[in-house]
Amino acid sequence: MDAALLEAAEVFHPPGTVLQVSPLGSGNVNDTYLVETARGAYVLQRINTAVFGSPEQVMRNLLTLQAHIAGKEQPPQSSRWEHPQLLAPRGSADPWHRCQEGKVWRCMSFIGQARSVDAIEDERQAYELGRGLGRFHQLIHDLPTETLHDTLEGFHITPRYLDQYRQALVRTQAEPCEDADFCIAFIREREGFCSVLEQAKERGELQERPIHGDPKINNVMLDTETGEAVALIDLDTVKPGLVQYDIGDCLRSCCNRAGEEASSPDQVSFDLGLAEAILRGYLEAAGSMLTASDRRFIPEAARLISFELGLRFFTDHLNGDAYFKVKTPGQNLKRARVQFALTQSIEEQWELLQTLLVGLSNQAPAAL
C-alpha cells in the first residue's frame, strides 16, 4: 500500500483500521481512491487545486448541499436514493484536510451495491440515468443560489471557452496535424451559436438554479440489482447555473453508445432512442419544475454542450494537456474529434430531436 495514501486515509480514520487504499473510477480531474476499513468502505479524494483554486469553497458548497438534502422529506414508499456524506478528519470540524505539501484531501461515504458505467447499455438504463438527474434537480431546485459559491466562474459559459480557445490557438506549441486542422475549421463554422443559452438567460427566458454541473454518464450511480439510479456523485461542480447545462451534458454523454473515449469519430452518433428514454425519465421526475421555455432550449443544450466539451478538449490539447488528465499523447485531440462528431450527428437529426421533445413535453405538465 502506498505510504502517502495510507497517511492521507488515516487522517480520517483511526490508525490501524485502514486495510487497503486502491484507485477508484475514471475521473478526469480529481484523484479518487477506495478506502477499505474495519468499519466499511469510503471514498478518498485529492482535490485538483489547479482546477478548483478555492477548494474550501467547494467543500462549503458540499456542506450546504448535504444539509439541504438531509432536510428533505422522502415519500414513505420512495425508492432508494443516497447522497454522499462527508467525514471530518480526526480532531477537526471541517471535512477536509490540507497536508504539509499543500494537497487538499477529503473523505466521504461510499455508495455501496451500486455501479457506474462509461458507456450506456440499453434504453432502460438510459431512462434511469435521466430519472436520476431529474430526481437530483427536484431535491435541489429550491436551494437558494446565493447560498452557493461559484467555484468555477465561467463554467459552461461557452463564449468564454471560445475566447480561451482563440488565445490558445495563438500561443500553442502543439504540432500542426490533419485532426487539428479539422477541429479549427469545425469551430470556425459554429462560432455563431455559442451564445444561444446565455442570450436566452439575458432575455429572461431562462433562469439560474442550482445545478450539478457535470452529470455525465459515469457520475450517476445505478443499483447493482435493480438497475435504478440511486445517487449522483462528483459534486464539486455544483453551483448556480442553467438546468439546460445539466440536461444537455446528460444527453451528450449518454446518447453516444461509443463513449467519450471512442477510438474513432466514425463510431460516434447521437442515438435518438436513448435520448427519448433519458428525457422521459427526466421529465417524469422533474418536469413539473420546468417552464415551456426551459423545455424549448433542451435540443439547443444538447448540441451546445457537445460542442463546448469538444472545444475544451481541443483547447487543452493546444495548451499542452494542462486541465484534463491524459494517458497518451494526443488523447485530448481525439476526445475533441469525438465530441465534434457527436455535435454533427445532433445537427443531422435536429428536427427529429425537436419533434421528440415536443411529444414528451405534451405528456408531462410544465411549471406555470
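Now for a description of the structure that goes with this document. Note that this is a predicted model, so its numbers are computed, not measured. Within each chain, residue numbers correspond to sequence positions counted from 1 in written order. Thresholds applied to this predicted model are a pLDDT of at least 70 for local features of residues and 80 or more for the giving and counting of side-chain atom pairs; totals over whole chains, interfaces and linings are not thresholded and use all residues. With hydrogens and water excluded, all non-hydrogen atoms of the structure serve as input to the side-chain values.

1. Considering the packing of aromatic side chains
Each aromatic ring pair is characterised by the separation of its centres together with the angle its planes make. Between the rings of Phe, Tyr and Trp (Trp by its six-membered ring), a pair exists once the centres lie within 6.5 Å; its type follows the angle of the planes, with under 30 degrees stacked, over 60 edge-to-face, and the other angles tilted. Counted by the stated rule, this structure contains nine aromatic pairs. Ring geometry for Phe186 and Phe340: centres 4.6 Å apart, planes at 25°, overall stacked. With a gap of 154 residues between them, Phe186 in helix α5 (residues 178-190) and Phe340 in helix α11 (residues 331-348) connect regions that are remote in the sequence. Over the ring of Phe186 we find Arg190, and its NZ or CZ is 3.6 Å from the ring centre. Two thresholds decide whether a charge sits over a ring: the Lys NZ or Arg CZ must be within 6 Å of the ring centre and within 35 degrees of the ring normal. Arg337 extends its terminal NZ or CZ atom over the ring of Phe182, reaching a point 3.9 Å from the ring centre. Numbering of helices and strands runs from the N terminus, with a helix taken as a DSSP run of H or I at least four residues long and a strand as a DSSP run of E at least two residues long.

2. Let's talk about the nonpolar core
Buried residues of nine kinds, namely Ala, Val, Leu, Ile, Met, Phe, Trp, Tyr and Cys, make up a nonpolar core once their side-chain atoms join them within 4.5 Å. Think of it in three bands: with a 1.4 Å probe and only protein chains considered, a residue is buried below 20% of the maximum accessible area for its type, exposed above 50%, and partly exposed in between. Core analysis: the largest hydrophobic core is formed by 98 residues, its most contacted members being Phe136, Leu197, Leu251, Phe270 and Phe314. The residues touching Phe270, leaving out its near neighbours within four places in the chain, are Leu251, Cys255, Ala275, Leu342, Ser345, Ile346, Gln349 and Leu353. Throughout, a contact is declared for two residues whenever any of their heavy atoms are within 4.5 Å.

3. Concerning the pattern of salt bridges
By convention in these notes, a salt bridge is any Lys or Arg side-chain nitrogen within 4 Å of a carboxyl oxygen on Asp or Glu. By the definition in use, this model includes 27 salt bridges. Two residues, Arg115 and Glu121, come together in a salt bridge whose shortest N-O distance is 3.0 Å. Residue Arg115 is classed as partly exposed on the basis of its relative accessible area of 34%. The residue Arg303 makes a salt bridge to Glu347 at a minimum N-O spacing of 3.1 Å. Of this pair, Arg303 sits in helix α10 (residues 298-318) while Glu347 sits in helix α11; the two residues are 44 residues apart in sequence, bridging distant segments of the chain. Overall, the relative accessible area of 22% leaves Glu347 in the partly exposed class. Among the ionic contacts, a cluster of salt bridges with common partners joins Glu189, Arg190, Arg303 and Glu347.

4. A few points about the sheet that holds strand β10 (residues 229-232)
Strand order in the open sheet formed by three strands is β7-β9-β10, with antiparallel pairing between adjacent strands. Edge positions in the open sheet fall to β7 (114-115) and β10, since each of these has one partner strand only. Pairing between strands is defined by DSSP: at least two bridges between the two strands are required. Relative to β10, strand β9 (residues 220-223) runs antiparallel, the two being bridged by three bridges. The partner of Val220 across the bridge, within β10, is Leu232. Structural elements are reduced to axes, namely lines fitted to C-alpha atoms, with helices fitted over the stretch in contact, and the angle between N-to-C directions of any two is expressed from 0 to 180 degrees. Together, β7, β9 and β10 form the strand contacts of helix α3 (residues 123-140), whose direction differs from that of β10 by roughly 50°.

5. Some words on the pairing of strand β2 (residues 31-37)
Within β2, five of the seven residues are buried, which leaves it mostly tucked inside the rest of the structure. Where strand β1 (residues 18-23) and β2 come together, five bridges link them in antiparallel fashion. Bridge pairing in β2 links Val21 to Val35. If you look at the hairpin formed by β2 and strand β3 (residues 40-47), you'll find two residues sitting between the two strands.

6. Re helix α8 (residues 272-286)
What a helix is expected to span follows from its residue count: subtract one and scale by 1.5 Å. In this model α8 runs 20 Å from its N-terminal to its C-terminal C-alpha over 15 residues, within 8% of the 21 Å that 1.5 Å per residue would give. Where α8 is buried, its residues touch α3, α7 (243-254), α9 (292-296), α10 and α12 (350-363).

7. Structural notes on the pairing of β9
Both faces of β9 are covered, namely the face carrying Val220 and Leu222 and the face carrying Met221 and Asp223. When β7 meets β9, the two strands line up antiparallel, connected through two bridges. If you follow Arg115 over to β9, its bridge partner there is Leu222. Hairpin remark: β9 followed by β10, antiparallel, with five residues in the connecting loop; positive phi at Gly227, about 80°.

8. Describing the packing of α7 against α10
Helix-helix packing is described using two parameters, namely the angle between the two axes and the distance between the axes. Contact geometry of α7 with α10 gives a least axis separation of 8 Å together with a crossing angle of 70°. Viewed along their axes, α7 and α10 adopt a mutual orientation that is roughly perpendicular. When you trace α7 past α10, the crossing you get is right-handed. Counting all contacts with α7, which are made through Gln244, Tyr245, Ile247, Gly248, Asp249, Leu251 and Arg252, the residues of α10 involved are Ile298, Ala301, Ala302, Ile305, Ser306 and Leu309. For the contact of α7 with α10, the class distribution of residues is eight nonpolar, three polar and two charged. Orientation is classified from the angle alone, with under 35 degrees giving roughly parallel, over 145 giving roughly antiparallel, 65 to 115 giving roughly perpendicular, and any other angle giving oblique. Each crossing is labelled by how the near helix is turned from the far one, with a counterclockwise turn of less than a right angle marking it left-handed and a clockwise turn marking it right-handed. Gly falls in the polar group here, along with every residue not listed as nonpolar (Ala, Val, Leu, Ile, Met, Phe, Trp, Tyr, Cys, Pro) or charged (Asp, Glu, Lys, Arg).

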